[in-house]
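Each chain, letter by letter, is given below.
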Amino acid sequence: MTAAAAVRVPVLMYHEIAEASETGSSLAVSPAAFAAQLGYLRSAGFTAVTAGELSARLAGDVGKLPERPIVLTFDDGYGDFHSRAMPALDRYGCTATVFITTGWVQDADMRLSAAGRMLTWTQITEVAGAGVEIGAHTRRHPQLDQLPQKRVREELRASKQWLEDKLGLPVPGLAYPYGYSSARVRELAREAGYGYACGVGNRTASPASDQFELPRLTVRRATTMAAFRRLVDGRTTMRVLEDRALTRGWTGVRRVRARLNAAG
Ligand SMILES: [Zn+2]
């Protein structure tokens, strides 16, 4: 296996697209900074794919990824995704994945109090109709690794079911609130019918990356243009092998190593 066989895929995590005067969140990126970031991605030759497309590629289900793939994800389902992120994404020809906390949807039944103005069901439907992937982000946004198994199941199933019923589409994707999961949570996500799940973590993923813990890179208000470039061009981004046989070979090597370690 050579390095040339692997494609690096940065998976970015955004929250709000808002001015500092509009929100107290240090994760909110201003509309101007967001547009500049999309401009950079275009000039650097990146092509956006959805998290679901990346996951399908990791599973070996589809053909090649574009030459310089990137995944843009947005957590929680803030209303500004519809008013600000979508028009900018359109302008730059980018797709994205939005992970919705279903209990926070602006016009949800039995709505829970949310951090800000969130998307409405109509807006979520419009966004999905425009080709953006909709994923789940639980119903109440809990720390899943701290909950009893029954509640984890409930959170994972309820959010997926709501989204699929409203959209009439399969929803294979999940993002763990705060990026927190455990081996048990990942197993329950698989049981609940998800095909992949995103965590958070600015670390290098191995080519045989776990489909239920895809690492993401956090973009925040303090992320300067230079820091953004380092994020997407850097060595901390996930690598996806271009040939499935190589992925299997690499997994094999890892298994042998694990066995040797266990024997030692
Ligand atoms: Zn969240």
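Sequence positions are assigned chain by chain, starting from 1 and proceeding in written order. Whole-chain, interface and lining totals are the exception, using all residues; otherwise, since this is a predicted model, local features are given only for residues with pLDDT of at least 70 and side-chain atom pairs are given and counted only at 80 or more. Calculation of side-chain values draws on the structure's entire complement of heavy atoms; hydrogens and water are dropped beforehand.

Asker: Would you explain the nonpolar core in this entry?
Answerer: Most often, soluble globular proteins keep nonpolar side chains buried together rather than apart. Among the nonpolar cores identified, the biggest contains 53 residues, and Tyr14, Phe34, Leu72, Phe74, Phe81 and Leu89 are the most heavily contacted of them. Counting from the N terminus, the helices are the DSSP runs of H or I reaching at least four residues and the strands are the DSSP runs of E reaching at least two. If you tally residues by element for this core, the top one is helix H3 (residues 80-91), at five residues. Non-local contacts of Phe81, meaning those with residues more than four positions away in its chain, are made with Phe74, Met86, Leu89, Ala96, Val98, Leu119, Val127 and Val132. Core analysis: the second largest hydrophobic core is formed by 14 residues, Val49, Leu54, Leu65 and Ala175 among them. Residue types Ala, Val, Leu, Ile, Met, Phe, Trp, Tyr and Cys, when buried and joined through side-chain atoms within 4.5 Å, form a set referred to as a nonpolar core. Relative accessibility decides the category of a residue: with a 1.4 Å probe and only protein chains considered, values under 20% of the type maximum give buried, values over 50% give exposed, and everything between is partly exposed. What makes two residues a contact is simply this: any of their non-hydrogen atoms within 4.5 Å.

Asker: I'm lost on the coordination of the zinc ion in this one. Help?
Answerer: Four donors placed tetrahedrally around a metal ideally meet at 109.5 degrees, and six donors placed octahedrally ideally meet at 90 or 180 degrees. A 2.8 Å cut-off from the metal defines N, O and S donors, relaxed to 3.2 Å for Na, K and Ca; water is not in the atom list, so some sites may appear incomplete. Each protein donor to the zinc ion is listed here as Asp76 (OD), His137 (NE2) and His141 (NE2); together their distances run 2.1 to 2.2 Å. Each donor residue of the zinc ion lies on the same chain, and together they follow the pattern D-x60-H-x3-H. Highlighted residues: Asp76 in strand E4 (residues 69-76) and His137 in the loop between strand E6 (133-136) and helix H5 (149-167), separated in sequence by 61 residues. Across this residue pair, the class does not change: Asp76 and His137 are buried.

Asker: Any chance you could explain the packing of helix H1 (residues 31-43) against helix H7 (residues 225-233) here in plain terms?
Answerer: For any two helices packed against each other, the geometry is given by the interaxial angle and the distance between the axes. Following both chains from N to C, one finds H1 and H7 inclined at 45 degrees, their axes separated by 11 Å at the closest point. Viewed along their axes, H1 and H7 adopt a mutual orientation that is oblique. Note on packing geometry: the crossing formed by H1 with H7 is right-handed. Contacts between H1 and H7 involve Ala36, Gln37, Tyr40 and Leu41 on the former and, on the latter, Met225, Phe228, Arg229, Val232 and Asp233. In terms of residue class, the contact of H1 with H7 is made up of six nonpolar, one polar and two charged. To get an axis, fit a line to the C-alpha atoms, keeping to the stretch in contact for a helix; angles then go from 0 to 180 degrees between the N-to-C directions. By definition in this entry, angles of less than 35 degrees are roughly parallel, angles greater than 145 are roughly antiparallel, angles of 65 to 115 are roughly perpendicular, and the rest are oblique. Left-handed describes a crossing whose near helix is turned anticlockwise from the far helix by less than a right angle; the clockwise case is right-handed. Under this grouping Gly is polar, as are all residues other than the nonpolar Ala, Val, Leu, Ile, Met, Phe, Trp, Tyr, Cys and Pro and the charged Asp, Glu, Lys and Arg.

Asker: Please explain the packing of H5 against helix H6 (residues 183-191) as it appears in this structure.
Answerer: Running from N to C, H5 and H6 point in directions that differ by 45 degrees, and their axes come no closer than 10 Å. As the angle between them shows, H5 and H6 are arranged oblique. Crossing of H5 against H6: the hand is right-handed. In this structure, H5 uses Gln149, Val152, Arg153, Leu156 and Arg157 to contact H6, whose residues at the interface are Arg184, Val185, Leu188, Ala189 and Glu191. Class assignment for the residues of the contact of H5 with H6 results in five nonpolar, one polar and four charged.

Asker: Explanation requested: the side chain of Ser30 in the structure shown.
Answerer: By the element assignment, Ser30 lies in the loop between strand E2 (11-14) and H1. In contact with Ser30, not counting residues within four places along its chain, are Ile17, Ala18, Glu19 and Arg221.

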